[in-house]
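Structural description and commentary
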Amino acid sequence: MPVLPDLRKRAVTARELMDDPDCDPQLLARTFEQFQGVNRLVAGWKGTYRERIRPLLSATTPSTLIDVGCGGGDIARDLARWARRDGLLLEVTGIDPDPRAIAAATRAPNPDGVTFLTLDSSALVDRAFRFDFVISNHVLHHLSPQQLTDLLIDCELLCRGLSIHSDIRRSRLAYLEYWAATLVLFRGSFVRQDGLTSIRRSYTTPELRVAARREWNVESQAPFRNLLTYAASAAARETEPSGTAD
Ligand SMILES: C[S@@+](CC[C@H](N)C(=O)[O-])C[C@H]1O[C@@H](n2cnc3c(N)ncnc32)[C@H](O)[C@@H]1O
């Protein structure tokens with residue numbers, strides 16, 4: 001059994017190994033590859049797509065979606081594939097300020113033509129882009145309070161429909177289950193150690209409610225997730241879409 005760290009408070013000073021610009025490039029590349037398996041196991045995007053995104057898509061009018069902090073791009077690619085299989089039109093873009101992430105995203109097969117760009121959200125705000133959906137996965141817990149506020153403001157400005165951020169919800173059980181599951185899974189990368197650090201850095205649902213801007217809604221999602229969502233105003237929904245950022 002692990003020695004459990006104190007999970008009563010966020011470990012705001014703990015740092016993920018992958019955030020070190022000088023970390024081992026091979027371990028990092030393998031980390032981005034393995035995110036696909038981790039995300040499918042823990043992040044629940046299939047259900048989030050089915051319940052919150054798919055009902056708003058159309059077979060005749062294209063919608064646009066941006067994945068902010070897309071990492072290796074697996075969630076962007078999954079969303080594009082699920083929409084295509086459902087016969088629905090969705091143009092997907094993934095952005096990440098880390099060129100190593102975008103290199104990993106562009107190395108993977110991309111049959112649905114997701115666009116990947118080395119950018120952060122503020123660069124798209126500066127260019128007045130708008131998307132029907134603005135999403136992220138496992139980004140919130142990486143950010144300082146000021147970075148979180150800046151990201152949420154950017155997302156409000158970029159979003160003409162719905163913004164959805166999915167992240168880990170901190171708990172002792174989440175830590176214990178991840179510790180046990182990764183004893184054998186996801187070797188040869190930062191996935192185990194950074195995952196445990198990420199759980200320690202992540203928010204409880206009440207903490208995220210306090211940290212988020214007022215216009216945002218926080219829900220807990222089983223088993224160990226928070227969903228932070230924002231619905232654009234009717235006025236924003238009437239703006240022209242301009243969301244293929246290439
Ligand atoms: C743990 S990774 C998650 C990657 C991917 N979303 C996933 O779930 O597999 C966090 C990513 O967030 C990116 N990131 C960190 N701060 C960011 C910011 N302010 N804006 C956009 N992306 C950011 C990092 O570059 C990193 O690739």
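The structure presented is a predicted model; accordingly, all values stated were derived computationally and were not measured.

What counts and how
- Numbering of residues begins from 1 in every chain and follows the order in which that chain's sequence is written.
- Given that the model is predicted, a residue must reach a pLDDT of at least 70 before its local features are reported, and side-chain atom pairs must reach 80 or more before they are shown or counted; all residues, however, enter totals for whole chains, interfaces and linings.
- No hydrogens and no water enter the side-chain calculation; it runs on all heavy atoms of the structure.
- Working definition: helices are DSSP H or I runs of at least four residues, strands are E runs of at least two. Numbering for both runs from the N terminus.
- In this description the radius of gyration comes from C-alpha coordinates, and the expected globular size is given by 2.2 Å times residues to the power 0.38.
- Note on exposure labels: buried denotes an accessible area under 20% of the residue type's maximum, exposed denotes more than 50%, and partly exposed covers the range between, all computed with a 1.4 Å probe on protein chains only.
- By definition in these notes, contact holds between two residues if any of their heavy atoms fall within 4.5 Å.
- Only the protein chains shown count as cover for residues, and the accessible areas themselves come from Shrake-Rupley with a 1.4 Å probe.
- When charges are tallied, Lys and Arg are placed among the positive residues and Asp and Glu among the negative ones, while His and the ends of the chain are skipped.
- By convention, the charge on Lys lies at NZ, on Arg at CZ, on Asp at CG and on Glu at CD.
- To be near a molecule or strand, a residue needs just one of its heavy atoms within 4 Å of it.
- Pairing of N or O atoms within 3.5 Å defines a polar contact, subject to two protein rules: one partner must be a possible hydrogen donor and the other a possible acceptor, and residues neighboring in sequence count only if both atoms are side-chain atoms.
- Classification used: nonpolar for Ala, Val, Leu, Ile, Met, Phe, Trp, Tyr, Cys and Pro, charged for Asp, Glu, Lys and Arg, polar for all others including Gly.
- UniProt positions are given in the numbering used here, feature names are shortened, and annotations may be inferred rather than shown by experiment.
- Nonpolar core, defined: a set of buried Ala, Val, Leu, Ile, Met, Phe, Trp, Tyr and Cys residues in which side-chain atoms within 4.5 Å join the residues together.
- To estimate the expected span of a helix, count its residues, drop one, and scale the result by 1.5 Å.

1. Some remarks on the overall build of the protein
Looking only at helices and strands, the protein has 10 helices and seven strands in total. Taking 2.2 N^0.38 as the reference for a compact globule, 246 residues should give roughly 18 Å; the C-alpha atoms of the protein span a radius of gyration of 17 Å, in line with that estimate. For the C-alpha atoms alone, the extent of the protein along its principal axes is close to 55 × 40 × 30 Å. The buried share of the protein, taken over its 246 residues, is 52%. Here the analysis covers contacts within the protein between residues at least 6 apart in sequence; of these, 80% occur between residues at least 24 apart. Surface accessibility of the protein: about 11,800 Å² in total, with carbon and sulfur atoms responsible for 54%. With 31 positive and 31 negative side-chain charges, the protein shows a spacing of 7 Å between the two charge centroids.

2. As for the site of the ligand
Around the ligand lies a shell of 14 residues, among which Asn-39, Gly-69, Asp-96, Asn-137 and His-142 are the nearest. Asp-96 is positioned such that a nitrogen or oxygen atom in its side chain is 2.6 Å from an oxygen atom of the ligand. When grouped by side-chain class, the residues that make up the shell around the ligand number six nonpolar, six polar and two charged.

3. A short note on the environment of Arg-15
By secondary structure assignment, the location of Arg-15 is in the segment before α1 (25-42). Look at Arg-15 and you get exposed, because its relative accessible area is 56%. Every residue in contact with Arg-15, bar those within four places of it in the chain, is listed here: Thr-197 and Arg-201.

4. Side note on the UniProt feature "domain: Methyltransferase" (unreviewed entry) in the protein
Under the present numbering, the feature "domain: Methyltransferase" (unreviewed entry) in UniProt falls on residues 66-153. As annotated, residues 66-153 comprises 41% helix and 22% strand, and the C-alpha atoms at either end are separated by 15 Å.

5. Looking at the nonpolar core
With 28 residues, the main nonpolar core has Leu-124, Val-134 and Leu-228 as its most contacted residues. When contributions to this core are tallied by element, the ones reaching two or more residues are β1 (63-68), α5 (121-126), β4 (131-137), α6 (145-158) and β7 (225-231). The greatest single-element share of this core, amounting to five residues, is contributed by α6. Grouped together as the second largest cluster of nonpolar side chains are 25 residues, Leu-79, Leu-90, Ile-102 and Leu-162 included.

6. Describing α1
Over its 18 residues, α1 runs 25 Å from end to end, which matches the ideal 26 Å to within 8%, given 1.5 Å per residue. Of the residues making up α1, those classed as buried are Leu-28, Thr-31, Phe-32, Gln-34, Val-38 and Asn-39. Buried residues along α1 sit in contact with α3 (74-85), α4 (99-107), β4, α7 (172-181) and α8 (191-201). In the stretch just after α1, Gly-44 is the one whose phi turns positive, near 70 degrees.

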